[in-house]
Amino acid sequence: MAFSDRQTATLALAHALSAAERGLPVIPLSPTKLPALRSPHHDDAPGTARCRGECGLLGHGVHDATADPAGVRALFAAAPWATGYGIACGRPPHHLIGVDLDTKGETDAVAALRELALRHLFTLPPTVTVLTPSGGRHLWLSGPPDTVVPNSASRLAPGIDIRGTGGYLVGPGSVTAHGAYRLAEGAARLDPAPCPPALLALIAPPRPARHRAGAPHEPPPRGAGLVHFVLAAHEGQRNTRLFWAACRAYENGLGDSLTEQLIVAAVRTGLTEEEARATVASAARLTTRA
(Lines give C-alpha, C1' and ligand atoms only; values in the text may rest on other atoms or scores of the structure.)
Protein backbone atom coordinates (compact mmCIF):
# COMPACT_ATOMS: atom_id res chain seq x y z
CA MET A 1 0.00 0.00 0.00
CA ALA A 2 1.47 3.36 -0.98
CA PHE A 3 1.93 6.11 1.59
CA SER A 4 -0.93 8.11 0.12
CA ASP A 5 -3.17 5.06 0.41
CA ARG A 6 -2.11 4.53 4.02
CA GLN A 7 -2.79 8.20 4.71
CA THR A 8 -6.26 7.93 3.14
CA ALA A 9 -7.04 4.84 5.24
CA THR A 10 -5.80 6.57 8.41
CA LEU A 11 -7.96 9.62 7.70
CA ALA A 12 -10.97 7.40 6.99
CA LEU A 13 -10.57 5.77 10.41
CA ALA A 14 -10.16 9.17 12.07
CA HIS A 15 -13.34 10.50 10.47
CA ALA A 16 -15.21 7.32 11.36
CA LEU A 17 -14.12 7.58 15.00
CA SER A 18 -15.23 11.21 15.06
CA ALA A 19 -18.67 10.19 13.77
CA ALA A 20 -18.84 7.39 16.34
CA GLU A 21 -18.17 9.92 19.12
CA ARG A 22 -21.44 11.59 18.06
CA GLY A 23 -23.26 8.27 18.45
CA LEU A 24 -23.34 7.45 14.73
CA PRO A 25 -22.82 3.72 13.96
CA VAL A 26 -20.23 3.28 11.18
CA ILE A 27 -18.71 0.65 8.88
CA PRO A 28 -15.61 0.81 6.62
CA LEU A 29 -16.22 1.38 2.91
CA SER A 30 -14.12 0.58 -0.14
CA PRO A 31 -13.46 3.16 -2.91
CA THR A 32 -16.58 1.79 -4.66
CA LYS A 33 -18.72 2.98 -1.71
CA LEU A 34 -19.59 -0.65 -0.94
CA PRO A 35 -18.85 -2.23 2.45
CA ALA A 36 -15.13 -3.00 2.57
CA LEU A 37 -15.46 -6.38 4.28
CA ARG A 38 -16.55 -9.36 2.22
CA SER A 39 -19.39 -11.45 3.59
CA PRO A 40 -18.22 -14.60 5.39
CA HIS A 41 -21.20 -16.34 3.76
CA HIS A 42 -20.20 -15.43 0.21
CA ASP A 43 -19.68 -19.07 -0.74
CA ASP A 44 -22.74 -20.46 1.06
CA ALA A 45 -25.18 -22.51 -0.97
CA PRO A 46 -28.10 -20.62 -2.54
CA GLY A 47 -31.16 -20.57 -0.32
CA THR A 48 -29.16 -20.59 2.91
CA ALA A 49 -30.81 -18.55 5.64
CA ARG A 50 -29.57 -14.98 5.55
CA CYS A 51 -27.29 -14.06 8.46
CA ARG A 52 -27.24 -10.50 9.77
CA GLY A 53 -24.26 -10.90 12.05
CA GLU A 54 -25.64 -13.55 14.39
CA CYS A 55 -22.66 -15.75 13.51
CA GLY A 56 -20.33 -13.30 15.25
CA LEU A 57 -18.09 -12.79 12.20
CA LEU A 58 -17.44 -9.49 10.44
CA GLY A 59 -18.62 -8.80 6.90
CA HIS A 60 -22.37 -8.27 7.25
CA GLY A 61 -22.46 -4.79 5.77
CA VAL A 62 -24.58 -2.28 7.64
CA HIS A 63 -25.32 -4.89 10.31
CA ASP A 64 -21.68 -4.57 11.44
CA ALA A 65 -22.11 -0.86 12.15
CA THR A 66 -21.07 0.28 15.60
CA ALA A 67 -20.41 3.49 17.50
CA ASP A 68 -18.09 1.75 19.98
CA PRO A 69 -14.54 3.07 19.37
CA ALA A 70 -12.95 -0.34 19.96
CA GLY A 71 -15.42 -1.90 17.56
CA VAL A 72 -14.73 0.76 14.94
CA ARG A 73 -10.98 0.15 15.21
CA ALA A 74 -11.53 -3.60 14.86
CA LEU A 75 -13.58 -3.11 11.70
CA PHE A 76 -10.96 -0.90 10.09
CA ALA A 77 -8.13 -3.19 11.19
CA ALA A 78 -9.90 -5.99 9.31
CA ALA A 79 -10.24 -3.75 6.24
CA PRO A 80 -6.97 -1.75 5.94
CA TRP A 81 -7.84 -0.93 2.32
CA ALA A 82 -10.93 1.07 3.37
CA THR A 83 -10.91 4.67 2.13
CA GLY A 84 -14.16 5.79 3.67
CA TYR A 85 -16.93 4.93 6.07
CA GLY A 86 -20.67 4.48 5.96
CA ILE A 87 -23.14 5.68 8.59
CA ALA A 88 -26.02 3.33 9.33
CA CYS A 89 -29.44 4.97 9.06
CA GLY A 90 -32.42 4.32 11.30
CA ARG A 91 -30.32 3.51 14.37
CA PRO A 92 -30.33 5.25 17.79
CA PRO A 93 -29.74 7.91 18.92
CA HIS A 94 -30.51 9.97 15.81
CA HIS A 95 -32.53 7.41 13.81
CA LEU A 96 -30.89 9.00 10.80
CA ILE A 97 -32.78 9.53 7.54
CA GLY A 98 -30.73 10.45 4.49
CA VAL A 99 -32.18 12.49 1.62
CA ASP A 100 -29.86 11.97 -1.34
CA LEU A 101 -30.25 14.72 -3.95
CA ASP A 102 -28.77 14.05 -7.38
CA THR A 103 -27.89 16.79 -9.87
CA LYS A 104 -26.49 14.77 -12.76
CA GLY A 105 -27.40 15.72 -16.33
CA GLU A 106 -30.88 17.23 -16.56
CA THR A 107 -31.86 15.94 -13.11
CA ASP A 108 -32.20 18.68 -10.50
CA ALA A 109 -33.32 16.95 -7.33
CA VAL A 110 -32.79 20.10 -5.25
CA ALA A 111 -35.44 21.89 -7.30
CA ALA A 112 -37.70 18.81 -7.14
CA LEU A 113 -37.47 18.74 -3.34
CA ARG A 114 -38.25 22.47 -3.22
CA GLU A 115 -41.36 21.83 -5.31
CA LEU A 116 -42.42 18.99 -3.01
CA ALA A 117 -41.98 21.26 0.00
CA LEU A 118 -44.24 23.89 -1.57
CA ARG A 119 -46.83 21.34 -2.60
CA HIS A 120 -46.95 19.56 0.77
CA LEU A 121 -46.47 22.61 2.95
CA PHE A 122 -43.26 21.79 4.79
CA THR A 123 -39.98 23.61 5.32
CA LEU A 124 -36.61 21.91 5.58
CA PRO A 125 -34.76 23.23 8.64
CA PRO A 126 -30.99 23.85 8.62
CA THR A 127 -29.35 20.46 9.00
CA VAL A 128 -26.18 18.50 8.35
CA THR A 129 -25.45 18.62 4.61
CA VAL A 130 -22.76 16.57 2.88
CA LEU A 131 -21.55 17.52 -0.60
CA THR A 132 -20.90 14.58 -2.94
CA PRO A 133 -18.22 14.30 -5.65
CA SER A 134 -20.87 14.38 -8.40
CA GLY A 135 -22.22 17.75 -7.29
CA GLY A 136 -25.17 16.37 -5.35
CA ARG A 137 -25.81 16.55 -1.63
CA HIS A 138 -26.96 14.43 1.27
CA LEU A 139 -29.31 15.96 3.83
CA TRP A 140 -29.28 14.33 7.26
CA LEU A 141 -32.56 14.30 9.19
CA SER A 142 -33.54 12.57 12.42
CA GLY A 143 -36.65 10.45 12.59
CA PRO A 144 -38.91 9.26 15.41
CA PRO A 145 -37.73 6.02 17.06
CA ASP A 146 -41.00 4.17 16.36
CA THR A 147 -41.03 4.81 12.59
CA VAL A 148 -39.37 2.55 10.03
CA VAL A 149 -38.35 4.56 6.97
CA PRO A 150 -37.83 2.32 3.91
CA ASN A 151 -35.07 2.90 1.39
CA SER A 152 -36.24 4.17 -1.97
CA ALA A 153 -34.79 5.45 -5.25
CA SER A 154 -36.51 8.24 -7.19
CA ARG A 155 -39.91 7.36 -5.71
CA LEU A 156 -40.60 10.89 -4.50
CA ALA A 157 -39.18 12.50 -7.64
CA PRO A 158 -36.39 11.80 -10.14
CA GLY A 159 -33.02 12.04 -8.43
CA ILE A 160 -34.33 11.95 -4.85
CA ASP A 161 -33.25 8.80 -3.02
CA ILE A 162 -34.11 8.05 0.60
CA ARG A 163 -31.77 6.15 2.91
CA GLY A 164 -33.61 4.67 5.87
CA THR A 165 -33.53 1.54 7.98
CA GLY A 166 -31.04 -0.96 6.58
CA GLY A 167 -29.32 1.68 4.46
CA TYR A 168 -26.27 3.83 4.97
CA LEU A 169 -24.80 7.17 3.95
CA VAL A 170 -21.22 7.78 2.86
CA GLY A 171 -19.70 9.85 5.66
CA PRO A 172 -17.95 13.20 5.12
CA GLY A 173 -14.19 12.79 4.79
CA SER A 174 -14.58 9.56 2.82
CA VAL A 175 -12.62 9.21 -0.42
CA THR A 176 -14.12 7.18 -3.26
CA ALA A 177 -13.10 6.35 -6.82
CA HIS A 178 -14.99 9.47 -7.94
CA GLY A 179 -13.73 11.91 -5.31
CA ALA A 180 -14.21 13.01 -1.72
CA TYR A 181 -17.32 13.65 0.37
CA ARG A 182 -17.20 16.80 2.47
CA LEU A 183 -19.37 18.79 4.84
CA ALA A 184 -21.06 21.89 3.47
CA GLU A 185 -19.99 25.18 5.00
CA GLY A 186 -21.42 25.58 8.50
CA ALA A 187 -22.69 21.99 8.67
CA ALA A 188 -20.11 20.92 11.25
CA ARG A 189 -21.94 22.96 13.90
CA LEU A 190 -25.28 21.28 13.28
CA ASP A 191 -27.01 18.12 14.43
CA PRO A 192 -29.45 16.24 12.18
CA ALA A 193 -32.68 18.25 12.27
CA PRO A 194 -36.02 16.50 12.90
CA CYS A 195 -37.68 15.34 9.70
CA PRO A 196 -40.73 17.53 8.97
CA PRO A 197 -43.91 15.51 9.63
CA ALA A 198 -45.25 16.15 6.12
CA LEU A 199 -42.05 14.82 4.54
CA LEU A 200 -42.06 11.85 6.92
CA ALA A 201 -45.60 11.05 5.78
CA LEU A 202 -44.36 10.92 2.19
CA ILE A 203 -41.36 8.66 2.80
CA ALA A 204 -42.82 6.40 5.51
CA PRO A 205 -46.52 5.72 4.86
CA PRO A 206 -48.16 3.84 7.73
CA ARG A 207 -48.04 0.06 7.61
CA PRO A 208 -51.35 -1.79 7.26
CA ALA A 209 -52.61 -3.44 10.42
CA ARG A 210 -51.46 -7.03 10.87
CA HIS A 211 -54.05 -9.75 10.52
CA ARG A 212 -55.09 -11.14 13.92
CA ALA A 213 -54.37 -14.87 14.32
CA GLY A 214 -57.53 -16.96 14.22
CA ALA A 215 -59.71 -14.22 12.81
CA PRO A 216 -61.50 -14.83 9.49
CA HIS A 217 -59.48 -13.33 6.66
CA GLU A 218 -61.35 -10.55 4.94
CA PRO A 219 -59.33 -8.20 2.78
CA PRO A 220 -60.01 -4.55 3.66
CA PRO A 221 -61.89 -2.52 1.08
CA ARG A 222 -59.71 -0.73 -1.46
CA GLY A 223 -58.54 2.61 -0.16
CA ALA A 224 -59.18 1.80 3.51
CA GLY A 225 -55.54 2.42 4.34
CA LEU A 226 -55.72 5.92 2.86
CA VAL A 227 -58.79 6.74 4.93
CA HIS A 228 -57.08 5.50 8.11
CA PHE A 229 -54.02 7.56 7.17
CA VAL A 230 -56.17 10.70 7.14
CA LEU A 231 -57.92 9.77 10.38
CA ALA A 232 -54.56 9.45 12.15
CA ALA A 233 -53.62 13.07 11.39
CA HIS A 234 -52.75 15.42 14.24
CA GLU A 235 -53.09 19.18 14.28
CA GLY A 236 -50.61 20.70 11.86
CA GLN A 237 -50.63 17.74 9.46
CA ARG A 238 -54.32 17.25 8.68
CA ASN A 239 -54.34 19.09 5.36
CA THR A 240 -51.02 17.57 4.27
CA ARG A 241 -52.18 14.02 5.04
CA LEU A 242 -55.46 14.55 3.22
CA PHE A 243 -53.65 15.93 0.15
CA TRP A 244 -51.19 13.00 0.12
CA ALA A 245 -53.97 10.41 0.49
CA ALA A 246 -56.11 12.05 -2.20
CA CYS A 247 -53.16 12.09 -4.61
CA ARG A 248 -52.55 8.38 -4.04
CA ALA A 249 -56.27 7.68 -4.49
CA TYR A 250 -56.43 9.44 -7.86
CA GLU A 251 -53.18 7.86 -9.00
CA ASN A 252 -54.69 4.42 -8.34
CA GLY A 253 -58.07 5.10 -9.93
CA LEU A 254 -59.91 5.45 -6.61
CA GLY A 255 -60.35 9.21 -6.57
CA ASP A 256 -64.04 9.44 -7.43
CA SER A 257 -65.10 6.49 -5.28
CA LEU A 258 -63.01 7.50 -2.25
CA THR A 259 -63.53 11.27 -2.24
CA GLU A 260 -66.44 11.38 0.19
CA GLN A 261 -64.79 8.95 2.63
CA LEU A 262 -61.61 11.02 2.64
CA ILE A 263 -63.57 14.22 3.22
CA VAL A 264 -65.56 12.69 6.10
CA ALA A 265 -62.31 11.43 7.66
CA ALA A 266 -60.68 14.86 7.31
CA VAL A 267 -63.68 16.60 8.90
CA ARG A 268 -63.44 14.17 11.85
CA THR A 269 -59.84 15.29 12.41
CA GLY A 270 -60.85 18.98 12.57
CA LEU A 271 -60.84 20.35 9.01
CA THR A 272 -63.94 22.10 7.75
CA GLU A 273 -65.77 20.42 4.88
CA GLU A 274 -64.92 23.40 2.65
CA GLU A 275 -61.19 23.04 3.42
CA ALA A 276 -61.32 19.29 2.84
CA ARG A 277 -63.09 19.57 -0.50
CA ALA A 278 -60.65 22.24 -1.69
CA THR A 279 -57.68 20.04 -0.76
CA VAL A 280 -59.10 16.98 -2.54
CA ALA A 281 -59.87 19.12 -5.60
CA SER A 282 -56.24 20.33 -5.64
CA ALA A 283 -55.04 16.73 -5.51
CA ALA A 284 -57.38 15.80 -8.36
CA ARG A 285 -56.08 18.64 -10.54
CA LEU A 286 -52.45 17.74 -9.82
CA THR A 287 -52.72 14.02 -10.49
CA THR A 288 -55.11 14.04 -13.45
CA ARG A 289 -53.55 16.80 -15.54
CA ALA A 290 -52.04 15.75 -18.86
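Residues numbered from 1 in each chain as written. Predicted model: local features only at pLDDT ≥ 70, side-chain atom pairs only at ≥ 80, totals over all residues. Heavy atoms only, no water.

One open sheet accounts for 3 strands, arranged β1-β2-β8; its pairing is antiparallel. Since the sheet does not close on itself, it has two edges, and those belong to β1 (26-29) and β8 (168-170), each with one partner. Averaged over all pairs of adjacent strands, the angle between their axes in this sheet comes to 35 degrees, without regard to strand direction. Seen against the sheet, helix α2 (residues 69-78) touches β1 and β2 (84-88) and runs at an angle of roughly 15 degrees to β1. (Pairing = 2+ DSSP bridges. Helix = DSSP H or I, 4+ residues; strand = E, 2+ residues; numbered from the N terminus. Axes fitted to C-alpha atoms, helices over the stretch in contact; angles between N-to-C directions. Contact = heavy atoms within 4.5 Å.)

With that settled, consider the pairing of strand β5 (residues 137-142). For a regular strand, side-chain orientation follows a simple rule: the groups alternate between the two sheet faces. Counted residue by residue, β5 has 5 buried out of 6 residues, so it is predominantly covered. Of the strand pairs in this sheet, strand β3 (residues 96-101) and β5 are connected by 6 bridges, and their pairing is antiparallel. Among the inter-strand pairings, L96 is bridged to a residue of β5, identified as S142. Strand direction decides the pairing type here: strand β4 (residues 129-131) and β5, joined by 3 bridges, are antiparallel. By the bridge assignment for β5, T129 is matched with L139. Counted along the chain from β4 to the antiparallel partner β5, the turn is 5 residues long, and its residue G135 has a positive phi close to 100 degrees. Pairing geometry for β5 and strand β12 (residues 193-194), over 2 bridges, is parallel. When the bridges of β12 are listed, L141 appears paired with A193. (Buried < 20%, exposed > 50% of the residue type's maximum accessible area, 1.4 Å probe, protein only.)

Per the counting criterion, the structure on display carries 1 aromatic pair. Consider the rings of F229 and W244, whose centres lie 4.7 Å apart with planes at 55 degrees: the pair is tilted. Residue F229 is found in helix α5 (residues 224-231), and its partner W244 is found in helix α6 (residues 238-251); the two are separated by 15 residues along the sequence. The pair formed by F229 and W244 is uniform in burial state, with each residue classed as buried. (Phe/Tyr/Trp six-rings, centres within 6.5 Å; stacked < 30°, edge-to-face > 60°.)

This paragraph deals with the nonpolar core. By size, the foremost hydrophobic cluster in this structure holds 46 residues, and its most contacted members are I160, I203 and L262. With 7 residues, α6 is the single largest residue contributor to this core. When residues no more than four places from it in sequence are discounted, the contact partners of I160 are V99, D100, L101, A109, A112, L113, L116, A153, S154 and R155. The next biggest cluster of nonpolar side chains, apart from the first, holds 30 residues, and it includes L29, V128, W140 and V170. (Core = buried A, V, L, I, M, F, W, Y, C linked by side-chain atoms within 4.5 Å.)

Of the two faces of β1, both are covered, the one formed by V26 and P28 as well as the one formed by I27 and L29. Note: β1 against β2, 4 bridges, orientation antiparallel. In the sheet register, L29 faces β2, and the bridge partner there is G84.

Here we take up the side chain of S152. Take S152: it is sitting in strand β6 (residues 152-153). With a relative accessible area of 15%, S152 lands in the buried category.

Once that is clear, we can look at the environment of A177. Note that A177 resides in the loop between β9 (175-176) and β10 (179-180). A177 sits in the exposed class, given a relative accessible area of 63%. When the C-alpha atoms of A177 and P31 are compared, they prove to be 5.1 Å apart, with 146 residues separating the residues in sequence.

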